[in-house]
Amino acid sequence: MSTNTRESGFETLIVNWLVDHNGCKPGANDDYNKEYAIDETPLFRFLEDTQPESMKRLGVNDTDLKRQQFLSILSGEIAKRGIIDVLRKGIKAYGAVGNIVMFYETPSERNPAAKMLFEKNIFSLTRQLMYSKDNTRLALDFCIFINGLPVITCELKNRLTKQDVEDAVYQYKSDRDPRELLFSFKRCMVHFAVDDARIQFCTKLAGKSSWFFPFNKGYNDGAGNPPNPDGLMTDYLWKEIFTKYGLANIIENYTQVVIEENKKTKKKTEKQIFPRYHQLSVVRSLLADVKEKGVGQKYLIQHSAGSGKSNSIAWLAHQLVGLERDGTAVVDSVIVVTDRVNLDKQIRDTIKQFMQVSNTVAWAEHSGDLRNAIAHGKKIIITTVHKFPFILNDIGTVHKDSKFAIIIDEAHSSQSDNMSAAMNIALGGNFDPNADTEDKINALVEGRKMLSNASYFAFTATPKNKTLEMFGVPDPQPDGTVKHFPFHNYSMKQAIQEGFILDVLKFYTPIKSFYKLVKTVTDNPEYDKKKAQKKLRSYVESDKFAIPTKAGIMVEHFHDTVCRKIDGKARAMVATSSIERAIEYYYAICSCLEARNSPYKAIVAFSGEKEYGGKPLNESLINGFPSKDIEDVFAEEPYRFLVAADKFQTGYDEPLLHTMYVDKILTDIKAVQTLSRLNRAMEGKFDTFVLDFANEAEDIGDAFSRYYRTTILSGETDPNKLYDLISAMEQYQVYTDYHVDRFIELYLGDEERDKLDTILDACVNNYLILWQTIWRFLSNGAIIRRLRNG
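Residues numbered from 1 in each chain as written. Predicted model: local features only at pLDDT ≥ 70, side-chain atom pairs only at ≥ 80, totals over all residues. Heavy atoms only, no water.

A. Examining the side chain of Ser-307 more closely. Tracing the chain through its elements places Ser-307 in the loop between strand 12 (298–303) and helix 11 (309–321). Separated by 2.9 Å, the side chain of Ser-307 and the backbone oxygen of Ser-304 make a polar contact. Engagement of the side chain of Ser-307 in a polar contact is seen with the backbone nitrogen of Lys-309, the distance being 3.5 Å. Once residues lying within four places of it in the same chain are set aside, the contact partners of Ser-307 are Arg-276, His-278, Gln-279 and Tyr-490. (Helix = DSSP H or I, 4+ residues; strand = E, 2+ residues; numbered from the N terminus. Polar contact = N/O pair within 3.5 Å; in protein donor to acceptor, adjacent residues only side chain to side chain. Contact = heavy atoms within 4.5 Å.)

The structure is reproduced here in structure tokens:
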């Protein structure tokens, strides 16, 4: 016989591991009740074993009617509250002894009684589950149950039979009807689409509208998974996530149902959240390190926009509170430093899932607030950047005998210069309008001795050198220097490749390149007759820097190209170099819009007042509405242009923002932060565009390269490069005779499927390395020029 390389072999590999190594019980279709989407046999075995008196009082074993009544109550509670809440809190049934426990949680240290109860949980798995009452031939690859309640469904695909994870996603969207009880919202915790290389998941099946997220480790700072020398690339799913303690940890501390409210309509919608892989990884890694080392450490977490940083912070804060070592709390209180109101709400919403918020979370604005919060038993204390210095003083003096975890959400600079001023005054320095949150935190921590009774957790997407030096992991080099790197990284490249943010450099265009492109495309007798192109040629060829001319180019481009993007809802930002320039641009754009009878309007954004035209102006006077409403108003019609002087160029997340017109010098981190305002993904948004009047493509590319390895293609495509690639491929050995011989030996020897994949994945990796080498070679303009010159 030979190795089973079919999908059934892949399924068998997973199931056998879970049964043999995880104590998972094999289920049977005969035990599955399609009426209630419940696996009856393990359900009643668990209840009889753990709560016999309640079962006796309810009479579930006396008559079928009593049993059906109980199943109906249980199924109704799942439909109303969701599987997660039912597992966590159990259900009430008249006649039972108190609450009926549906799941015993992970025991704390030194609690043998709780450990014994946890071991009574029944984890089971049914292959080829025939879930449908109406179409009895429909079958799901497998479903995982806890105490008879469905928590995870899986559809598997196999690349060796020319199907992959996208086929599994398609199957969920096309063949798994959400009207079937098993696939209805909140009935299961999560639905996984899996192949031997990649994984995706969904928490709410909705036919073609189902939204699947990647659940991959990441590879080479990008999407996907690394080759696994010990098996399949995706075996972490069943060896880490599907284990008893792995699943229990997720149920107890991560997955949740939250209610989101539309600001305009006030309509409330439920959303079920399941952690992405990097979120699980960072929180679990941090908790393990804190448990091992205690407080007094520093951690830098470099997570890109689109990483779900707010949830990661909330999950970390919640679990740090309950972390124990040898039966003693490792951390007494957690302090979260942020300027974002929504993060405060998110933390409260997350904590609400696990404990009473009023007893756990407090705000601290003054020195005494920290003392009062701790005295009243508050475990999570939220404060702002400009109040943090006073809190920090108390930690090192009044509360020097307590242990703290300080989580700093430093990636979002405040929109207010008043906040900046307050922070600088608190630090004992002068007001610096250019200082951002990250610089202030660095100055504050550096200016004081590191507290031995506190650990620092700094979350940022774009760490500066100083931040890396202060919070990063030191790595001594042979030459005596010391490099620093983040404790955990979720790169911009991975976020882009996984579709959580868009690549703002993909269509980055300097004004001169834009002109050349337009002239090439329209190089015909009618070229000079087009008004917008005339303006463009006039600007570039005469090198004039008149704001009305540039405003005209922006307005024409927006109407010709941008306004139809994102289902006709696209917005644009104009990034200017000063308040005076912003005001000039605002009036110039308004004039251009009026001249063409455009239905759209502009908004200007800057801080403070500026004398212009002989009178003092501020943004409220110009716009005709309060400054605090700018974000909400900009998302409404007819406002399409946001003209900004520094304000809203960091920490502003508006998915409708599609295009940016840049007329200011951008360097290093400022370039990344400013252009990244465009990167938020949403349904119907497929690209972004940057038209830059002030910077060179090479400089912008260099700025991004530290955070995301990419290049800006500004040269022409050379067909001869294909021959270079072919030549390089022939000289490079993607596989060897050993690989071929070993593969055949294993295949004909009926080895397990995962033994074959270690060979195939190694060859694929060689192929990818080859392409990366060639791409770096071809991207080197100096080499190409030398080759052309002989």
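B. How the structure looks around the packing of helix 9 (residues 244–253) against helix 11. Axis separation between helix 9 and helix 11 bottoms out at 11 Å; the angle between their running directions is 105°. By the angle between their axes, helix 9 is roughly perpendicular relative to helix 11. Counted together, Asn-249, Glu-252 and Asn-253 of helix 9 and Trp-315, His-318 and Gln-319 of helix 11 form the full contact between these two elements. The class makeup of the residues in the contact of helix 9 with helix 11 is 1 nonpolar, 4 polar and 1 charged. (Axes fitted to C-alpha atoms, helices over the stretch in contact; angles between N-to-C directions. Parallel < 35°, antiparallel > 145°, perpendicular 65-115°, else oblique. Nonpolar A, V, L, I, M, F, W, Y, C, P; charged D, E, K, R; others polar.)

C. Layout of the pattern of salt bridges. A full pass over the atoms with the stated rule returns 33 salt bridges. The shortest N-O distance in the salt bridge between Asp-653 and Arg-680 comes to 2.5 Å. Taken together, the residues span a long stretch of sequence, with Asp-653 in the loop between strand 28 (639–645) and strand 29 (657–663) and Arg-680 in the loop between helix 26 (668–675) and strand 30 (689–692) at a distance of 27 residues. Given a relative accessible area of 14%, Arg-680 falls into the buried group. (Salt bridge = Lys/Arg side-chain N within 4 Å of Asp/Glu carboxyl O. Buried < 20%, exposed > 50% of the residue type's maximum accessible area, 1.4 Å probe, protein only.)

D. Focus on the sheet that holds strand 6 (residues 149–156). With mixed pairing, 7 strands are arranged side by side in an open sheet as 1-4-5-6-7-8-9. Single-partner strands in this sheet number two, and they are strand 1 (25–26) and strand 9 (213–214). Against the sheet, helix 1 (residues 7–22) contacts strand 1, strand 4 (123–129), strand 5 (140–146), strand 6 and strand 7 (190–194), and its axis sits at roughly 165° relative to strand 4. (Pairing = 2+ DSSP bridges.)

E. Fine view of the confidence of the model for the protein. Per-residue confidence for the protein averages 84 on the pLDDT scale, and 83% of its residues sit at or above 70. Segment residues 524–530: pLDDT under 50, and 9 contacts once partners within four positions in sequence are set aside and those in other chains are kept. Every residue in residues 709–719 scores below 50 in pLDDT, and together they form 12 contacts with partners more than four places removed in sequence or on other chains. (pLDDT = per-residue confidence, 0-100.)

F. Region of the structure containing the environment of Phe-648. With respect to the helices and strands, Phe-648 occurs in the loop between strand 28 and strand 29. Judged by relative accessible area, Phe-648 falls into the buried class, the value being 3%. For Phe-648 and Thr-674, which are 26 residues apart along the polypeptide, the C-alpha to C-alpha distance reads 8.5 Å.

G. Expanded view of unusual backbone geometry. Omega for the bond connecting Glu-637 with Pro-638 falls within 30 degrees of zero, at 5°, which places this linkage in the cis form. Mapping Pro-638 onto the fold places it in the loop between helix 25 (630–634) and strand 28. A positive phi angle, near 65°, is found at Asp-221, a position not held by glycine. Among the structural elements, Asp-221 can be located in the loop between strand 9 and helix 8 (236–241). Look at Asp-221 and you get partly exposed, because its relative accessible area is 30%. One non-glycine residue, Asp-567, adopts positive backbone phi at about 55°. In this fold, Asp-567 is placed in helix 22 (residues 565–568). What makes Asp-567 exposed here is its relative accessible area of 62%.

H. Quick look at the environment of Ile-566. For Ile-566, the position within the fold is in helix 22. Note on Ile-566: relative accessible area 5%, which makes it buried. Not counting residues within four places of it along the chain, the set of residues in contact with Ile-566 comprises Pro-655, Leu-656, His-658, Met-682, Glu-683, Gly-684 and Lys-685.

I. Local environment of the environment of Leu-43. Within the element layout of this structure, Leu-43 appears in helix 2 (residues 40–50). A relative accessible area of 0% places Leu-43 in the buried class. Spatially, the C-alpha atom of Leu-43 lies 4.8 Å from that of Asn-147, the residues being 104 residues apart in sequence. With residues up to four places along the chain from it excluded, the contact list for Leu-43 reads Ile-38, Leu-71, Leu-74, Met-102, Asn-147 and Gly-148.

J. Expanded view of the packing of aromatic side chains. In total, this model carries 30 aromatic pairs according to the counting rule given. With 5.7 Å between their ring centres and 90° between their planes, Phe-215 and Tyr-277 make a pair best called edge-to-face. With Phe-215 in the loop between strand 9 and helix 8 and Tyr-277 in helix 10 (residues 277–293), the pair connects residues that are 62 residues apart, well separated along the chain. Side by side, Phe-215 and Tyr-277 carry an identical accessibility label, which is buried. Between Tyr-254 and Trp-315, the aromatic rings sit 5.3 Å apart at their centres with planes inclined by 65°, giving edge-to-face as the arrangement. Taken together, the positions of Tyr-254 in the loop between helix 9 and strand 10 (256–261) and Trp-315 in helix 11 put the pair 61 residues apart, joining distant regions of the chain. In this pair, the class of Tyr-254 matches that of Trp-315, namely buried. Taken together, Phe-192, Phe-201, Trp-211, Phe-213, Phe-215, Tyr-236, Phe-242, Phe-274, Tyr-277 and Phe-500 form an aromatic cluster joined through their ring pairs. Lying across the ring of Phe-44, Arg-67 places its NZ or CZ 4.0 Å from the centre. Here the guanidinium or amino end of Lys-204 rests over the ring plane of Phe-185, the centre of that ring lying 4.9 Å away. (Phe/Tyr/Trp six-rings, centres within 6.5 Å; stacked < 30°, edge-to-face > 60°. Lys NZ or Arg CZ within 6 Å of the ring centre and 35° of its normal.)

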